[in-house]
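Coordinate analysis (summary)
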Amino acid sequence: MKLSMRGIQKSFGANHVLKGIDLDVDDHEVVCLIGPSGCGKSTLLRTVNLLEKIDAGTIYLDGELVSERGVDANAIRQRIGIVFQSYNLFPHMSVLKNLTLGPIKAMGMDRTIAEATATELLERFGLGDKVHEYPDRLSGGQQQRAAIVRSLVGDPEVLLLDEITSALDPELVGEVLSVIRELAGRGLTMVLATHEMGFARDVANRVVFMDAGHVVETGPPSQVLSEPHEVRTQQFLARVIEGGRL
Amino acid sequence: MQSAPPESPLTPPSLTGGLRSHLDEEGARGALIAFVSTIALFILALVVIGGSENWPTVRRSFFDFELMWESRGPIWEGFTTNIWMFLVGQVAIMALALLIAVMRSLKGPAFFPVRLLAIVFIDFFRGIPIILGLLLFGFGIPALRLPGLPNSAVFWGLVVVVLSYSAYTAEVYRSGIDAVPDSQRLSASALGLTQWQGLRYAVLPQAIRNVIPALLNGFVSLQKDVALLSVLGVREAVREAQIITGRTFNYSPYVFAAALFLAISIPSARFADWYTAKDRARRSQGAGQ
Ligand SMILES: Nc1ncnc2c1ncn2[C@@H]1O[C@H](COP(=O)(O)OP(=O)(O)OP(=O)(O)O)[C@@H](O)[C@H]1O
Ligand SMILES: [Mg+2]
C-alpha cells in the first residue's frame, strides 16, 4: 500500500469540508477523484501533501505515519509531487530553474544532475526547446506540462494532480492528458481530481466519487461511471452527461 | 506581443511612409509649441520678478555669485559628506528594511514574536519625527559617554535616519511581498522548500522587482534628508552654508547648496520616472500574453 488515509477530517472555521475520508492507494495505482464542485477534492489532495493540516485522522505513506506532529513536512513533500489547476510556475525563473529549484535547494541534489534530469524530462515531454524560456513565453498547455515535469524531477513516489486541465483551452487539454497517460503507463502512483470523465474512464484503475466531504462510492471506472450503485453517484453522473462532459 | 514592425510586408509602404511623416510632423509641432511656451513663460517670469522694485535686494542677498564662488570650497566638501552619508545610509536601509519586512511576513504561530517585534519597530520609528530622533540620539547618547559605543554625532545621526527610513521602506517591501500571489508560496512549499527558502527564492525576487520604483523614490528623498544631520553640527553642505550665512548675513550660500542638491536629485527623479515607465511597459506586455 503506497498511501493510506483513515478518518480524515478537516474544517475551515464552521465549514466542515472533509467528514472522515478513508482512502487507500496501491503502488502503481491511478486513482481519480470525482465529485461536485466544493465536495473537498482539492482539500483532500492538499492534506495528503501536508499543505493543509488535518483535524483528525491518519495518513500513512509507504507504511510510515506522516500525519503526526513533529514529522518533517518538507521532507514528506519531496516524496509527493503535486500539480495545481493554475500552473504556478515561478515567473521570474527560466523553465530549467523552475524545475531544478526544488531538487537542488530542498533535496540537496547536485546541480549538474538536476539540470541533466530536468532537461531530459523536458525533452521527453516535448519541451526540449523551452528549457531556457521564461514561463510567460509558453502557452497554457506548455506551462502546465512544465509544471508537471517540475514535480517529476525529484522522482516522487506519488503524484497528486488537481484538475490540471480545467484552466486550459479545450484544444490544449489533449497534450496535457497524454503526459499523464504516459506517466500512468510507466507505473507512477497518481491521485488526480478531475472533471474529465472520459479521461478518468481511460486512465484510472479506480474511481472515487466524493460528495459533501464523504467518499460515497469507489470502484473500477467501468462500474462507477457506467453502473453506479449509489443514488448520489447516479445523480451526479446524470448532471455531468447533461453538461456534455462524458 | 509587440506591434508589427513598420517594414511589415503586409502594409503598403506608401501607407507606412505617410503615417510616419504625419506622426513626425505632429511630434515636431508639439516640440515647437512646448519650446515657445516655455520660453514665453520664462521671459514673463523674468520681467515680473526683475521688474519688481525689490528685485535688487533679493538679488543681492540670494544670488550673490561672488560669495557663492568664495564659499564653494567648504560647501562642496560638506556636500561630499552628504553623498557618503546618503550612500552608506541607503545600503543600510535597503538591508535592514528587507530584514524587517521578511520578519513581518513570516507565517505561523511560531513566528508570532518575530512578527510582533517587526510591527513594534515599524510603528515606533515611523511615528517619531526624524528631527526628534536626531536630537534624542545624536545629542543624548554621546552625552552619556557609554564605554564601547561610538560618540560621534554622524554615527548616531545616521543610525536615526536609517531606523526611520527602514520603518517606511519595510512597508514598501511588504506591499511588494503581499502583491505576490499566495499560490507562489504554496507551490514553493509543495516542492519541499522551507518557508524561508520559499521566500528567498520564489517570493522576494518578485516582491523586490515589484517595488523598485517605490524604492527609487525613497532614494531621492533620502538624498535630501541626510541634510537633517546638520542640526547635530555635522559639517555637511547645509551646515557649511549656514556657517557662512551666519558670518555674512547673506543667503547665497544656501542657494548654492540648494543647487548642489538639485544637481543630483533631479537626475535621480528622472531616472526613477524612466524606470517606472519601463517597468510598467514590461508588466503590461507580460499581462497581454
Ligand atoms: N483555504 C481555504 N479556506 C477556507 N475554506 C476553504 C479553503 N479551501 C477550501 N475551502 C472550502 O472547502 C470546501 C471544499 O473546497 P475544495 O476546493 O476542496 O472543493 P473541490 O472539490 O476541489 O471543488 P472544485 O471541484 O470546485 O475544485 C469549499 O466549501 C471551499 O470553500
Ligand atoms: Mg478543486
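Residues numbered from 1 in each chain as written. Chains lettered and ligands numbered in written order. Predicted model: local features only at pLDDT ≥ 70, side-chain atom pairs only at ≥ 80, totals over all residues. Heavy atoms only, no water.

What follows concerns the overall build of chain B. Per the secondary structure count, chain B includes 11 helices and zero strands. In sequence order, the secondary structure elements of chain B are arranged as α-α-α-α-α-α-α-α-α-α-α. Counting across all 289 residues of chain B, residues that qualify as buried make up 34%. At a minimum sequence separation of 6, the contacts of chain B that also span at least 24 residues come to 77%. Accessible surface, chain B as shown: approximately 17,000 Å² in total, 69% of it carbon and sulfur. (Helix = DSSP H or I, 4+ residues; strand = E, 2+ residues; numbered from the N terminus. Buried < 20%, exposed > 50% of the residue type's maximum accessible area, 1.4 Å probe, protein only. Contact = heavy atoms within 4.5 Å. Areas by Shrake-Rupley, 256 points an atom, 1.4 Å probe, with all protein chains shown as cover.)

Looking at the secondary structure, you find Glu52(A) in the loop between helix H1 (41-48) and strand S4 (56-61). In contact with Glu52(A), not counting residues within four places along its chain, are Lys10(A), Phe12(A), Arg46(A) and Thr47(A).

Moving on: a nonpolar patch on the surface. On the surface, a nonpolar cluster with roughly 580 Å² of combined accessible area is contributed by Leu32(B), Phe35(B), Val36(B), Ile39(B), Ile43(B) and Val47(B). Mapped onto the secondary structure, Val47(B) falls in helix H1 (residues 13-51). (Patch = residues over 30% accessible without salt bridge, like charges linked within 9 Å, V, L, I, M, F, W, Y side chains within 5 Å. Salt bridge = Lys/Arg side-chain N within 4 Å of Asp/Glu carboxyl O.)

So, about the site of ligand 1. Residue and element names in this part refer to chain A. Every one of the 13 residues lining ligand 1 counts as a neighbour, but Ser37, Gly38, Lys41, Ser42 and Thr43 are closest to it. Within the backbone of glycine 38, a nitrogen or oxygen atom sits 2.8 Å from an oxygen atom of ligand 1. Cysteine 39 is positioned such that a nitrogen or oxygen atom in its backbone is 3.3 Å from an oxygen atom of ligand 1. Summarising the interface, the protein chains cover 63% of the accessible area of ligand 1, which totals 630 Å² for the free molecule. (Near = heavy atom within 4 Å. Polar contact = N/O pair within 3.5 Å; in protein donor to acceptor, adjacent residues only side chain to side chain.)

Looking now at the pairing of strand S8 (residues 189-193) of chain A. The buried count for S8(A) comes to five of five residues, which makes it a mostly enclosed element. In S8(A), alternate side chains face the same way, and those of Thr189(A), Val191(A) and Ala193(A) on one face and Met190(A) and Leu192(A) on the other are all buried.

Here the focus is the sheet that holds strand S1 (residues 3-12) of chain A. All names here are of chain A. Spatial strand order, S2-S1-S4-S5: four strands in an open sheet with antiparallel pairing. Two strands close off the open sheet at either side, each with one partner strand: strand S2 (15-25) and strand S5 (64-65). The pairing of S1 with S2 spans eight bridges and is antiparallel. Across the sheet, the residue bridging to phenylalanine 12 is asparagine 15, located in S2. Sitting on the sheet, H1 is in contact with S1, S2 and S4, with an inclination near 120° to S1. (Pairing = 2+ DSSP bridges. Axes fitted to C-alpha atoms, helices over the stretch in contact; angles between N-to-C directions.)

Taking 1.5 Å as the rise per residue, helix H5 (residues 140-152) of chain A with 13 residues should run 18 Å; its terminal C-alpha atoms sit 19 Å apart, in good agreement. Across the 13 residues that make up H5(A), a large majority, 13, are buried. (Expected span 1.5 Å × (residues − 1).)

Attention now goes to the interface of chain A and chain B. Each partner contributes residues to the interface: chain A has 22 residues there, and chain B has 20 residues. Roughly 1,700 Å² of surface becomes buried between chain A and chain B when both sides are summed, with 63% attributable to carbon and sulfur atoms. Taken together, the connections running from chain A to chain B amount to zero salt bridges. The tally of links from chain A across to chain B stands at seven residue pairs in polar contact (both at pLDDT 80 or more). Secondary-structure elements contributing two or more residues to the side of chain A that touches chain B are helix H2 (73-79), strand S6 (80-83) and helix H3 (95-106) of chain A. It is H3(A) that contributes the most residues to the side of chain A that touches chain B, four residues altogether. Looking at side-chain class alone, the side of chain A that touches chain B contains 10 nonpolar, six polar and six charged residues. (Buried area = accessible area lost by both parts, 1.4 Å probe. Nonpolar A, V, L, I, M, F, W, Y, C, P; charged D, E, K, R; others polar.)

With phi around 60°, Leu50(A) is a residue other than glycine that occupies positive phi space. Within the secondary structure, Leu50(A) is located in the loop between H1 and S4. On the basis of relative accessible area, Leu50(A) is assigned to the buried category, the value being 17%. One non-glycine residue, Phe249(B), lies in the positive phi region at around 55°.

Glancing now at the packing of H5(A) against helix H6 (residues 170-185) of chain A. Residues and elements named next belong to chain A. Packing of H5 against H6 brings their axes to within 8 Å, and their N-to-C directions diverge by 20°. Of the possible angle classes, the one that applies to H5 and H6 is roughly parallel. When the axes of H5 and H6 are compared, the crossing they make is right-handed. In this structure, H5 contributes Gly140, Gly141, Gln142, Gln144, Arg145, Ile148 and Leu152 to the contact, and H6 contributes Leu172, Glu175, Val176, Val179, Ile180 and Leu183. Residue composition of the contact of H5 with H6, by class: seven nonpolar, four polar and two charged. (Parallel < 35°, antiparallel > 145°, perpendicular 65-115°, else oblique. Left-handed = near helix turned anticlockwise from the far one by under 90°.)

Right, let's get into the packing of helix H5 (residues 112-127) of chain B against helix H7 (residues 153-178) of chain B. Residue and element names in this part refer to chain B. Between H5 and H7, the shortest axis-to-axis distance is 8 Å and the interhelical angle comes to 125°. By the angle between their directions, the pair H5 and H7 is classed as oblique. Where H5 crosses over H7, the two elements pack in a sense that is left-handed. Packed against H5, whose contacting residues are Phe121, Ile122, Phe125 and Arg126, the element H7 presents Leu163, Ser164, Ser166, Ala167, Tyr168, Ala170 and Glu171 at the interface.

Here the largest pocket defines a volume of roughly 1,200 Å³. Of all elements in the fold, only H2 of chain A together with helix H8 (182-190) and helix H9 (195-225) of chain B reach the threshold of two or more residues within the lining of the largest pocket. The element contributing the most residues to the lining of the largest pocket is H8(B), with five residues. Of the residues in the lining of the largest pocket, the class split is 14 nonpolar, nine polar and nine charged. (1 Å grid on protein atoms, 1.4 Å probe; cavity = no way out; pocket = protein on both sides within 12 Å on 5 of 7 lines; lining within 4 Å. Points joined across faces, edges and corners; volume = space filled by probe spheres on them.)

Let's shift gears to the confidence of the model for chain B. Residues and elements named next belong to chain B. Taken as a whole, chain B shows an average pLDDT of 86; of its residues, 90% reach a score of 70 or greater. Below pLDDT 50 for its whole length, residues 1-17 participates in six contacts with residues either more than four positions away or in separate chains. With pTM at 0.80, the complex prediction returns an ipTM value of 0.86. (pLDDT = per-residue confidence, 0-100.)

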